[in-house]
Amino acid sequence: MSRWRPDARERLRQAALELFAEQGFAATTVPEITARAGLTTRTFFRHFADKREVLYADDAEVPAMVARMMAEAPPAAEPLALIVEGLRTVAETRFEPRKAALQARRELVRTDAGLQERDLRKRAVMSEAIREGFRARGLETARAALLAETCVTLINVSLIEWLDGDDDRRLSDIIVETLATLRASLS
């Protein structure tokens, strides 16, 4: 297999995921990943800062995506409507098509404290992006922070329900159900 094929990043990602599943995250080395992908270690580091980035590289686009969604929303849209519509869009475009991969990633994260820490950082970055989006829309700081944290909690609780479920429910439907449960719990 030629190392000059244009799909190096995806080959590296696939090799890493296979090795992580076979021998665990901590036991997998970058040279093993590159050997399986038929590429060099140098090529790996052109695409990823470290092996954790194989799992989290796509998360770097989340703040820009949130900012874009907030900016494109109608000015009069209610904050909760923005959250539900935003989460529905993200569920349908980023999560629904990748359920099996997300289940595997979650199991991998559970096995490594460093990945768990990185996962918490990802949530914090998402919360900050949402908070800043609401602040840019004119909401006061405390309300923007509460809505952002609620949004992150809503998606995380819904993801757990969806990934643990053995039924065919859609994540976007679970998000709506989880929000209804939250509303009932606060009443």
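It should be noted that the structure appears before, not after, this text.
Just so you know, these numbers come straight off a predicted model, no measurement behind them.

Quick look at the environment of Glu 32 now. By secondary structure assignment, the location of Glu 32 is in helix H2 (residues 30–37). Among all residues touching Glu 32, those that are not within four sequence positions of it are Leu 19, Gln 23 and Ala 27.

Core analysis: the biggest nonpolar cluster contains 31 residues, and Phe 95, Ile 130, Phe 134, Trp 162 and Leu 171 have the highest contact counts within it. Broken down by secondary-structure element, the contributors of at least two residues to this core are helix H5 (62–72), helix H6 (79–95), helix H8 (113–136), helix H9 (141–164) and helix H10 (171–186). Looking at which element gives the most residues to this core, the answer is H9, with 10 residues. If we ignore the near neighbours within four places in the chain, the residues touching Leu 171 are Ala 91, Phe 95, Glu 96, Ile 155, Ser 158, Leu 159 and Trp 162.

Along its 12 residues, helix H7 (residues 99–110) runs 17 Å from first to last C-alpha, staying within 8% of the 16 Å computed at 1.5 Å per residue. Turning to H7, its buried residues are Lys 99, Leu 102, Arg 105, Arg 106, Leu 108 and Val 109. Residues of H7 that are buried make contact with helix H1 (8–23), helix H4 (53–56), H6, H8 and H9.

Moving on to H8. Here H8 contains 24 residues, and its C-alpha end-to-end distance of 35 Å stays within 8% of the 34 Å for a straight helix at 1.5 Å per residue. Among the residues making up H8, those that are buried are Leu 115, Asp 119, Ser 127, Ala 129, Ile 130, Gly 133 and Phe 134. Considering only its buried residues, H8 is in contact with H4, H5, H6, H7 and H9. By the N-cap criterion, in which a side-chain oxygen at the helix start approaches the backbone nitrogen of a residue two or three places on, H8 is capped by Asp 112, the distance to Gly 114 being 3.0 Å. Where H8 terminates, the next one or two residues include Gly 138, which has phi positive at roughly 100°.

Reading the values: the criteria
Residues numbered from 1 in each chain as written. Predicted model: local features only at pLDDT ≥ 70, side-chain atom pairs only at ≥ 80, totals over all residues. Heavy atoms only, no water. Helix = DSSP H or I, 4+ residues; strand = E, 2+ residues; numbered from the N terminus. Contact = heavy atoms within 4.5 Å. Core = buried A, V, L, I, M, F, W, Y, C linked by side-chain atoms within 4.5 Å. Buried < 20%, exposed > 50% of the residue type's maximum accessible area, 1.4 Å probe, protein only. Expected span 1.5 Å × (residues − 1). Polar contact = N/O pair within 3.5 Å; in protein donor to acceptor, adjacent residues only side chain to side chain.

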